[in-house]
Every structure is written in structure tokens, then in C-alpha cells.
Amino acid sequence: MMTQLLEQPTKLSTAIGINVDRADARDKLAGSAEYTGDLHPPSMLFGAVLRSQYAHAEIESVDTSGAEAMDGVIAVLTGDDLMDLDPYYGHALRDRPIIAMGKVRFVGEPVAVVAAKSQAIAEAALSAIDVSYRVLPIAATLDRALAPGAPLVHEGPVRPGLAHGLGKLPEREGNICYRYGFSVGDMEAVFSRAAVVVDGEYVFPAVYQYSMETHTTVAHHRGREITIWSSCQHPFLVRQEISELFEVPLDDVRVIVPYLGGGFGSKSYTKMEPLAVAISRKAGLPVRIMNRVDESMVTTRRHNMKCRMRTAASAEGQLLGRVVEMWLDTGAYADNGPRVTATAGDAGPGPYRWEAVDVKAQCVYTNTSPAGSYRAFGATHLQWIGESQVDEVARRLGLDRVEIRRANLLARGGQVRPGAKGLDADLVGDVEEVAAALDWSAPRPSNRGVGLSVGLLAAGAHPVSMATVRLGADGGVTVLVGTTELGQGARTVMGQIAAEVLGLPPSRIVVRGTDTSYTPYDRSTGASRSTTVAGKAVEEAAAQVLEELIETAETTLGVARDELVVSEGRISGGGTAVTYEELIERRFGLKGGELIGQGHVGPRGGSGGFADGPVFWEVCVGGAEVEVEPETGVVTVLRISTVADVGRAINPLLVRRQDEGAVLQGIGNALFEEMRFSDEGLLLNDTLLDYRIPSFEDLPASMSCTIVENQDGPGPFGAKGCGEGAFAAMPAAIVNALADAGVQMTELPLTPERVWKKIQSQQGISKNHSTEEVDQ
Amino acid sequence: MKLPPFEVHRPSSLHNASRLLRDMGSEAVPINGGTELLLAMKLGLAQYAHLVDLKRIPELRGVRRVGSGLAVGAGMTHRELESSRSIAEAVAEMPRMLAEIANVRVRSVGTIGGNLCFADPHSDPATFLSAIEATLVLGDGSTSRRVPVDEFFLGAYETKLEPGELLVEVTVPAVPTGTGAAHVRMKVHERPTVTVAAKVMVERDTIVRARLVVGSVCGTPVLPQAIDKLIGAPRAAWSERVREVAALSAAAVAPVADAEGSSRYKQALVEVFVRRALDAALSNAQGMTR
Ligand SMILES: Cc1cc2nc3c(=O)[nH]c(=O)nc-3n(C[C@H](O)[C@H](O)[C@H](O)COP(=O)(O)OP(=O)(O)OC[C@H]3O[C@@H](n4cnc5c(N)ncnc54)[C@H](O)[C@@H]3O)c2cc1C
């Protein structure tokens, strides 16, 4: 192969497009993979957190003397210890104290932390802490928080967070945390012309991301330096937030990220790190805080939501206009609520050619645990609603549901949102793939139905990533990139990208976990961005190394670059071949030295088509076939089909696994999962016994994932990200399939009882049933 | 949600286990697989300083033939029983019932005795064993007594066991030809939302005996009176009578509303599952699906 590989890297496929074994598989299967909870720096203390049992209360006093007097207790932290700091943080809004400062706003909010010589002592000491509360009126539901005269969860001025990106923030207004919206076209005119208007009210549940590993942090605050080992997805944002909170220069905060036992968004941004740093600051020694599952369940969750939507269409089935208003419950603190709300707002219209759209999205504070990111947020909230209305339009007009999409979906290049990048995918093609995989038009028994859904998710977040690739004297490669390996296979894929560029087998590449003291900056691991954005930086860094090798080969072999061939760790030309090891030795004149390449991408400068947001539109498309048992309301998902529109599959098996995982989580969100809070704001189902997540027995009998590779992504080799789209598509596909089987649902999850009640109220299932009235 | 510290005792005879339990009084509790007990302790619902482990007591192990029936050791795990040949031969429905409990991890350590003695209202074995008229042998190594399964439960999490007394074995009568047993259930979360078991005896196309147990919806298994309407029913009337019994049974139970569902929904489920259980039992009696 010729050296034009720099210009045409896709020609050389030794490492991409193949199912390379996961780099972390051996460690994980052997049990030798290290997670934060496995670490034990010298003199580490064990932390335990005293959490509020009230959803809204003033703290009158905290007496820690009993706990402090206990043998083995080293320090007890309360709000009083943070008086020298501005203890509020939050990347979106700076509304959250490290620990309760005179007030608690949800059940589970940290009130005190004990650091002790053993976990048992720390926990025992919690019961020796006396807190006296003055209970305040509670707004634990959206309705209560929005009612006139509702108790206020927050008072005082709104403070922007360090990475809010929300533009100018308005003044505080009741319990509204954030508003988002846009309006295009003449809605009144559109509705007056409409032949069909579908109007409904919808309810979406709070759910928990449920990664196997709970939030775990070990922090060591020693004088001017802070070291943190944490199960976090965004180490660099954590570093920045800790640096500001504790008034320590960025360089003196070191965040180290071992393997994560899953994240799904639950470990994005800053979670337990400030608390761990604060207790370590007081104790003067490293302290570990490792949540129990019930604690992690009140650390973050997905927003519950209520929504009203109206869709207008012409008699011919042209989608004309859509009005949507939604209220997302972000709990007691903003966390990522504003971004989730904006993304939900963006997903409101769906990927169609509208004449008019009007979107109003509100993020609302309540006295419940804070809500943040979860795989495919916003899109999952809205897609099932929008797509069920498209289906309903089709039903009322007697149109085929694939046909109505074919007629109305945006085409490649079409405008998804004013000011954003045009559509970079073939949605009609994707929908047709899904329909074909489901035998769309096959006859079915009356209690079965098929449904599909399509949507878009703005992916990539802020496209700022750096990477370093080091080729050592023995020809082995180390990649330093800030992407967190949370089970998605990031290290494997980054290794494949470097291997492809360098013409080495993937086994020669090692990808390290993040240590912010030497790993170059990466904005975050989320929004399906890593392969596309960080991967691009790795590609560029590897290309730089290759360039240096080629330069050395030119002089060493005395052959011009266009006559050189790069393959399998050697460069040949003029009848001779030299290995990378030899080239390094020639270059430095000793068996040592290394070649280092740097890659960086960003919206400005760097490489890649990242100037217009979003980085790419992730396609959320999928279909389902379901069966409902009318007398019990039990819904069974029989068949699933998804399309992973990934531009280029670096590792096809990992792409499939992403879709499968997303499908299962989507099934959980659609059919079972629901965090139930009492009116007093207490989470009622915080164990797996009563918080039901999908398991292998819930796998559909048939699942198909079609990988579409149009090489139209901005990432390396034409790749774009994946892994979230199928999640957003699933609840929508299942709801639509159930409606096709005769039961139209407007509230998730589709528990047997809820479905049964609906069947009772409509007196049985009927395929042609359509509701004109607004569902309550 | 963290296990408090405790001490484990490992007696190797029934006698010693009982003595340990009596000596330590309310500080101590028996444990077998621990799938219920340890969970309750983790959740802070139960507190014991001493656990008396029953796993090394030979009297609680094994499956013996007794006449045409079986004596099943209380310490046998669901998994062991599910794959026992003698059980499959004596009571064909039983392995199927056992195989539906929880998941393979729980079944591999959870025992039949632990299930019954914990007296969780949501229980498959309690429902099924009541329906097939199993009897429990309770003892302490020196004395023993027999209690029919349906009399064993006093309420949710409450049984007839006296301090120091253990469940030793479950006497399971064989289900003879001409008699059909069936167990049907549904779950929303981990434990069953509703369980219904039935046993019917058919002679010359007429139902001569019938027994029906509705479980998991009330504090203890319930035996609806309406089942008597099946007695004497000729074949032609079965279908209609079964529906009638199902409706009457549903009307007669007063399900407890909880996270598994509202009372009204559970009542509707009872009707559905009584019908299914009786249909299945009748078809089993006819040898159709044996
Ligand atoms: C996730 C999960 C799902 C489940 N799903 C189901 C289901 O679908 N259907 C169902 O029926 N059950 C279900 N169960 C219950 C399960 O069957 C029981 O947990 C199990 O059988 C208990 O047995 P064990 O040996 O673990 O009991 P242990 O926890 O050891 O003991 C339970 C109680 O019984 C007492 N005890 C135990 N053995 C004796 C004895 N011989 N004499 C006197 N007292 C004794 C103990 O003191 C304790 O109070 C589920 C449980 C779990 C955890």
C-alpha cells in the first residue's frame, strides 16, 4: 500500500470494520480490572453519609459530638465546615451546596459525612449524629411545584454554572428552573386549514440509570493539591468544578478514572466528588465515599415529565403543524436539567417538514432527588409522544404509517432546527429498513401489533478533544485520550483507530484510562461523541506519528515518499523494509526515544467538520412487534429491529452491542421502570425487588440490528456515533405497536395494570380505535 | 442496607439446632439459603445477633418416598427439587411450579422450608402445596407434629412455628391418575402478583372433588368456598361452572392493594387465573397434558 494512506486512510483496512476483541475483556472476566472501589491509597478512610429524611426542612442544629467521640472516627463534616468557601456548584446552574447548608431540599440530601477507620465504624457513627429539623411545606410533584403559592425549592438569585451554555439566564420565577422554546410559522393559519388534529396529554416516569457500579469516589485534599479517583464520565469537567469550588488551580487538581461499571449518563458531570473532597479536606487523609444502590438512586435519575401535544395534518396526510408544551421535573437541583429540557424541546417536533412548530419546555424544581442525564435524554422523553401522534394521524386518515413518514420526513440536508447543521442521514431509508425487518404488512392476530418510530438527537456535545499517541522504541503504541471506558468499548475502538492509521495490529496498541495530570483534555464522555470527536483526535495524533516515521524512512532508505509502502509495522521501499523500531533507532541514534503525535479537534481550529453544531444528528430509529393479553394487560415484546446509522462501523460487533443494550434499557423504560415517590418525597422503591429493570427473560425472541454505513459521519473514516438512538426509538416503537394492537397509551411505563385499565375503559382492544378526546 | 454483624452457628443435628435456638431466644433465628432473611436484615426489617445455619442438618435433606407420596426435606433448594425425578413422577405439576420461582440464582440457594417459614404472602409453594393438601412436619429433634399447609400460616410473615421449633419436612401426597393439579401465576416485579393452584378429581366425566387456593393477593393463601360449585358437575357444564367459580372467587377475595397492583386489578386477575388454573387442572385430570 502506498503512502497516500494519509490522504485515503480508509483504503487500508487492517484494524477497522472488524470485530476486534475488547481490550478490557480479559481483565474484566478474570476479575482483575480495577474500579474505584478496589483502590486503597495509604491511610485511606471510609466515608458514610448521613442523609436527610425530610424532603424540605430547615436544619436547626447538627450535633456531631457523639460521633466525633467514637473510637476510629477521624472527622465529621457538616455545612459549618464550609463557611470559608462558596460551597455551591452545578455545571448548568450553581444551585447545589456540597452538603446541606442550613436547609434540605430532598429526601437523601447529604447533611453530614463521617470519615472513619472502617466502613462499619463510619456507619455506626451516623446514628450518633443528632439533627434537629424544622419541617417546611413540600412540593414533591410537578403539579404541586407549579401550583400558585407553591413552596419554593430555591430562593435568591439564579447563578449560572461554569459550563451552562444557556445564554442569558432570566430572573427566578417560582419553581421554574429553566425555560426553552421556539416558534416557527403561523400556527393559527395551519390549524385552521387542518383536516385532522391529534391532541393528547402524556406522562413520562422518573427512572434510574442503574449502572452496576454505584457512584464511588476516593479523594485526597492535601494542602494545595487535590487528587481524586472517581467513577466519572467527565473527568475534566469534574476537575474544573473542583478547582473552582475549593479554590485550587486547575493543575493542582488531579482526577484519575479507572474502569467504570457502567454510566449511561448517571456519572456525567459532578456527583459525589465535592463531598469526598470536602470530608478529606477536614480529615487530612484520603477518604472514600462509595454509594449503596439506594444512595445512588437519589444521586441522579431521569426526569419525569408531563406533556401536552397537538399535531395538525391535511386531509392528504401532510404534517402541517405541531404545538408542544412540556414540564420536566428536575428534582431539587438543576444538575443537567436545563440541557435535558432543551434537548426534549428540540425533539418535540420530530424530524418532519413542518409549516409551523411551537415548542415550550419547562424545567421545574421539586422536592425530590435531582435528575440529570440518561442515555438519549430528551429524545426518549418526546419521541414516543410525537411518533404516536403521527401514527394517529395516519390511522384517522387511513394511511399506512410507513407511507406517512415517507411523505413527510426530512430529506438529507433538510433543516432540523434553525441555525443547526442540516440533516446528515437518510431517514426514509432507515425507516424502510426497520419496516422490512418487521415484515411490516404481514397479517397478525388481533392482539398483536407493529410499530416503528424515528427521531433525531443532537449528538457530540462540545466537540473539544485532544489526544496523544506515543510510539515507543519497541514499536508498541500508547494512546492517551480522555474518553472514559464505561463498558462501551471506548478503549478498544480508540486502539483500532490508532492501529488503522499506523498500520499496526490492534494488539500493539494500549489505551490508558484518564489521569488529568498527563492525559490531554477531553470535554466529556457522553452524547455519543467519543468515537467521532475523541476518535478524530486519536486519528490525527496517530497520523502525526506516521508522518514522522515516513520522514525518517525517506532519509534512511533514500526513497521518495510516494514510493514507500506502509504495512504491518514496517515501511518498505527500494527493495528494503525497516521496522518502526529500527526507524526510531535511526532517528535518535540509540535504542530509545519515542515518536509523539498530538491531535486536537474543536469547533474552531483543529480538524473535522465540527464548526456547525451539532457534530452529527444521531438517528433514533427502531421498530417493535408486541402482543397484549387483554385480560391481564401484560405486554410482551416479541420482535425488535433497529438501524444503527453509524457512517462507518469501526467495530461492528460493538455497534450491535450498543443497540442491544439500548433496546433493553428502552424496554425497561417503556414497560417496567418507574421511581415511585410518596407525597412526602420519599422514594418508595429503591431496591431491585420493587424497582424492576429488564433482565434476560425480557429479551425479545427476535432482535435485529442493521448497520448502515454511508461514510457520512464527521469522525474518523466517516464514522459517527451510536448507542443512544435505539433507546429513544424503543418506547415509541412499543407504544405504537401496542396502539396497533388496539390499546393507545399516554402514560409510561406500560405496566400490566395501566394497560388493563385502558382496555377496560375502552371496552376491549380494537384495531381501528382512535381517540378524539384528550386523554387524562 | 448493609448487613449488621452477626455470629453463625452450624449445628449438625435437628436437636442441637433447636437447643441453640431455644437457648438464645429472640437473639437467634434459623437460616438456610438466607435469600429472605439476609435481605430482611439488610433492609433493617429484622435484627438478629445469632444465625443458626440449618444446612448441615441431615434430617432436613433429601426426598423420601412415603407410601405413594413423598417426604421432602425442608432444607432442599428449589433447584434440587425442580430436577428431582421422584417429584416429577409423584406430582407432575410441581417441578413446573418450582421452575417459575424467582430466578436460577435464588432457586439454587433458596429452600422450600425457607420459603414456607418466612410466610411471605407472595409465594408459589404456599399456594401450590395448600392445593395439593401437603402436610408439614414440625419438630425439634425429640418431638414432632403435623400441620396441614393451609393451617400453617397465621398471617403475613406469621406461622404456627413455636420458639425452637423447625420445619423438618413437607409431606407431599401423590396426585393420582384421574386427579389433576395445576399452578398458574403472574408477576409484575420479582415475586408473584397472583398465584392460583387447583386440584380436581374426575370420575366418569364428573368432578367429584375440587380444591382451589388463591395465593399472593392476601396476607395468606385463601381457599374460596365457591369451588364447591364444581362438585358433581358433568363434563358438559365444566366450562360454564369454571367461569362461575372464577367470578365468585374473585368477588369473595379482598386483595391487599400494594406495589403489585390495586385491589380491583388483583380481583380481576384472580378471576382470570382461577379460570386458567381450573381449566388446566381439569385438562390434567383428563391426562391431556400430563
Ligand atoms: C429475588 C427473589 C425473587 C423471589 N421470587 C419468588 C417467587 O417468584 N415465588 C416464590 O414463591 N418465592 C420467591 N422468592 C422467595 C424465595 O422462594 C425464598 O427467598 C426462598 O425459598 C427462601 O429460602 P431460604 O432458604 O433462602 O430462606 P432463609 O432466608 O434462609 O430463611 C427464611 C426464613 O425462614 C426461616 N427458616 C428457614 N428454614 C427454616 C426451617 N427449616 N424451619 C424453620 N424456619 C426456617 C428463617 O429463619 C427465615 O426467617 C423470591 C426471593 C427473592 C430474593
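Just so it is clear, the model here is predicted, and its values are computed rather than measured. (Residues numbered from 1 in each chain as written. Chains lettered and ligands numbered in written order. Predicted model: local features only at pLDDT ≥ 70, side-chain atom pairs only at ≥ 80, totals over all residues. Heavy atoms only, no water.)

This brings us to the nonpolar core. Residues and elements named next belong to chain A. Met-326, Leu-382, Ile-734, Leu-738, Leu-750 and Val-755 are the most contacted members of the largest nonpolar core, which totals 106 residues. Top element by residues in this core is helix H17 (residues 725-740). It accounts for ten residues. Beyond its immediate chain neighbours, meaning those up to four positions away, Leu-750 contacts Ala-670, Leu-671, Ile-734, Val-735, Leu-738, Met-745 and Val-755. Ile-497, Val-559, Leu-595 and Leu-654 belong to the second largest nonpolar core, which has 43 residues in total. (Core = buried A, V, L, I, M, F, W, Y, C linked by side-chain atoms within 4.5 Å. Buried < 20%, exposed > 50% of the residue type's maximum accessible area, 1.4 Å probe, protein only. Helix = DSSP H or I, 4+ residues; strand = E, 2+ residues; numbered from the N terminus. Contact = heavy atoms within 4.5 Å.)

All names here are of chain A. Segmenting chain A into domains produces domain 1 (2-33 + 462-610) and domain 2 (389-460 + 614-772). On a C-alpha basis, the centroid separation for the pair domain 1 and domain 2 is 37 Å. Residue-level contacts link 31 residues of domain 1 with 24 residues of domain 2. Both faces combined, the contact of domain 1 with domain 2 buries some 2000 Å², and carbon together with sulfur accounts for 62% of it. The largest per-residue losses of area from domain 1 upon contact with domain 2 belong to Asn-19, Ser-528 and Thr-532, which jointly make up 27% of the total buried on that side. (Domains from an automatic or database assignment. Buried area = accessible area lost by both parts, 1.4 Å probe.)

This next bit is on the site of the ligand. Inspection of the region around the ligand gives 32 residues, with Pro-30, Asn-32, Thr-35, His-78 and Thr-111 of chain B positioned closest. One finds residues of chains A and B in close proximity to the ligand. In the model, an oxygen atom of the ligand is placed 2.9 Å from a nitrogen or oxygen of the Glu-36 of chain B main chain. Asp-124 of chain B places a side-chain nitrogen or oxygen 2.7 Å from a nitrogen atom of the ligand. Protein burial of the ligand: of its 970 Å² of free accessible surface, 95% is covered by the chains. Element by element, the count of residues in the shell around the ligand is highest for helix H7 (residues 112-118) of chain B, at four residues. Of the residues assigned to the shell around the ligand, the class counts are 17 nonpolar, ten polar and five charged. (Near = heavy atom within 4 Å. Polar contact = N/O pair within 3.5 Å; in protein donor to acceptor, adjacent residues only side chain to side chain. Areas by Shrake-Rupley, 256 points an atom, 1.4 Å probe, with all protein chains shown as cover. Nonpolar A, V, L, I, M, F, W, Y, C, P; charged D, E, K, R; others polar.)

Right, let's get into the side chain of Ser-280 of chain A. In this structure, Ser-280 of chain A sits in helix H7 (residues 273-283). Sequence-distant contacts of Ser-280 of chain A, that is, excluding residues within four places in its chain, are made with Ala-219, His-220, His-221, Leu-285, Pro-286 and Val-287 of chain A.

Across chain B, pLDDT averages 96, with 99% of residues at or above 70. Quick note on the complex model: pTM equals 0.95, ipTM equals 0.95. (pLDDT = per-residue confidence, 0-100.)

Turning next to the domain arrangement of chain B. All names here are of chain B. Split by domain assignment, chain B resolves into domain 1 (7-52), domain 2 (60-172) and domain 3 (179-289). Computed over C-alpha atoms, the centres of domain 2 and domain 3 are 21 Å apart. Listed as interface residues are 24 residues of domain 2 and, on the opposing side, 27 residues of domain 3. Across the interface of domain 2 and domain 3, roughly 2000 Å² is buried in total on both sides, 52% from carbon and sulfur atoms. Connecting domain 2 to domain 3 are five salt bridges. Between Glu-133 and Lys-199 there is a salt bridge, with its nearest N and O atoms 2.9 Å apart. Those elements that place two or more of their residues in the side of domain 2 that touches domain 3 are helix H5 (93-99), helix H8 (124-131) and strand E8 (153-155). Ranked by residues supplied to the side of domain 2 that touches domain 3, first place goes to H8 with six residues. For the side of domain 2 that touches domain 3, the class distribution of residues is eleven nonpolar, six polar and seven charged. (Salt bridge = Lys/Arg side-chain N within 4 Å of Asp/Glu carboxyl O.)

Residues and elements named next belong to chain A. With mixed pairing, four strands are arranged side by side in an open sheet as E18-E26-E27-E28. Every other strand in the sheet has two partners, leaving strand E18 (448-459) and strand E28 (702-708) as the edge strands with one partner each. Sheet twist, expressed as the mean angle between neighbouring strand axes with direction ignored, is 20 degrees. Summarising the sheet, E18 and strand E26 (residues 616-629) pair through twelve bridges and their orientation is antiparallel. Looking at E26, one finds that Ala-459 is bridged to Phe-616. (Pairing = 2+ DSSP bridges. Axes fitted to C-alpha atoms, helices over the stretch in contact; angles between N-to-C directions.)

Residue and element names in this part refer to chain A. An order of E3-E7-E1-E14-E11-E12-E13 is seen for the seven strands of this open sheet, with the pairing classed as mixed. Each of the sheet's edge strands pairs with one partner strand only, and the pair in question is strand E3 (73-77) and strand E13 (253-256). Strand-to-strand twist across the sheet, computed as the mean angle between neighbouring axes with direction ignored, equals 20 degrees. Note: strand E12 (residues 225-230) against E13, four bridges, orientation parallel.

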